[in-house]
Amino acid sequence: MRTRNALFIMILSAVSLSASAAQSLTCSLTHSVESPGQQPKVSIVNTHSAVTDEGKSFTFSTDGQKRITSPELQPLKMDDGETAMAAKVKDVTFVKLKESYVLRNKSESYVYSNCKPAAD
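This structure is a prediction, so every number in the text was calculated from the model and none was measured. (Residues numbered from 1 in each chain as written. Predicted model: local features only at pLDDT ≥ 70, side-chain atom pairs only at ≥ 80, totals over all residues. Heavy atoms only, no water.)

Q: In this structure, what is going on with the pattern of salt bridges? I would like to understand it.
A: Two side chains that carry opposite charge are able to pair once their charged atoms sit near each other. Applying the stated criterion to the full structure yields four salt bridges. Among the ionic pairs, Lys 98 bridges to Glu 82, the shortest N-O distance being 3.1 Å. Of this pair, Lys 98 sits in the loop between β7 (92-97) and β8 (100-104) while Glu 82 sits in the loop between β5 (74-77) and β6 (83-89); the two residues are 16 residues apart in sequence, bridging distant segments of the chain. Using a relative accessible area of 25% as the deciding quantity, one classes Lys 98 as partly exposed. For Glu 99, the salt bridge is made with Lys 116, and the minimal N-O distance between the two is 3.9 Å. Residue Glu 99 is found in the loop between β7 and β8, and its partner Lys 116 is found in strand β9 (residues 108-117); the two are separated by 17 residues along the sequence. Using a relative accessible area of 2% as the deciding quantity, one classes Glu 99 as buried. (Salt bridge = Lys/Arg side-chain N within 4 Å of Asp/Glu carboxyl O. Helix = DSSP H or I, 4+ residues; strand = E, 2+ residues; numbered from the N terminus. Buried < 20%, exposed > 50% of the residue type's maximum accessible area, 1.4 Å probe, protein only.)

Structure (structure tokens):
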């Protein structure tokens, strides 16, 4: 299962984001839940979820109300030569990879993908 999720994250479409200033984005939000011995349950939560990319961190909301800001992200070299930004707090991992943002723990994840600059 983890290999499938890692592959899913890596194949998300690619447009690098500027790290110099906060950028407001609109993304598709997908939620997945994994249970031992079962296929992951994946659902599209929203196709217009807001993410703010602050360069070394990102801010988002999984429920449309409570805002969550990642800790400061550190560069992480991937096996394919790409560089992701990642941080971990307790059992929660935050990842920024090209135009995708991930919040993940042992059994579930939220993936913000297909991010585009938000219309003002």
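Q: I tried to follow unusual backbone geometry on my own but got confused; where do I start?
A: The general pattern is negative phi for most residues beyond glycine and trans for most peptide bonds. At Lys 98, a position not held by glycine, the phi torsion is positive, near 55 degrees. Of note, Asn 114 is a non-glycine position whose phi angle comes to about 55 degrees, a positive value. With respect to the helices, strands and loops of the structure, Asn 114 is situated in strand β9.

Q: Explain the pairing of strand β1 (residues 23-33) to me, please; I cannot follow it from the model alone.
A: Within a regular strand, the side chains alternate between the two sheet faces. Taken together, the ten bridges between β1 and strand β2 (residues 41-53) define a ladder with antiparallel strand orientation. Across the sheet, residue Ser 32 finds its bridge partner in β2, namely Val 42. Pairing of β1 with β9 involves eight bridges; the strand directions are antiparallel. From the neighbouring strand, Ser 32 faces β9, where its bridge partner is Ser 109. (Pairing = 2+ DSSP bridges.)

Q: Can you walk me through the nonpolar core in this structure?
A: The nonpolar side chains of a soluble globular protein tend to be buried, and buried together. Within the largest apolar cluster, 15 residues are counted, with the highest numbers of intra-cluster contacts made by Val 51, Phe 58, Phe 60, Tyr 101 and Tyr 112. Breaking this core down by element, the ones donating at least two residues are β1, β3 (58-60), β6, β8 and β9. Counting six residues, the second-largest nonpolar core is a separate cluster that includes Ala 84, Leu 97, Val 102 and Val 111. (Core = buried A, V, L, I, M, F, W, Y, C linked by side-chain atoms within 4.5 Å.)

Q: Whenever I open this one, the state of the cysteines confuses me. Can you help?
A: Among covalent bonds in proteins, the disulfide is the one between the sulfur atoms of two cysteines. Counted by the stated rule, this structure contains one disulfide. Cys 27 shares a disulfide with Cys 115; S-S distance 2.0 Å. In this structure, the disulfide formed by Cys 27 and Cys 115 twists by about 115 degrees around the S-S bond and is classed as right-handed. With a gap of 88 residues between them, Cys 27 in strand β1 and Cys 115 in strand β9 connect regions that are remote in the sequence. The pair Cys 27 / Cys 115 is uniform in exposure class, with both members buried. (Disulfide = S-S within 2.5 Å.)

By themselves, these figures tell us nothing about what the structure is for.
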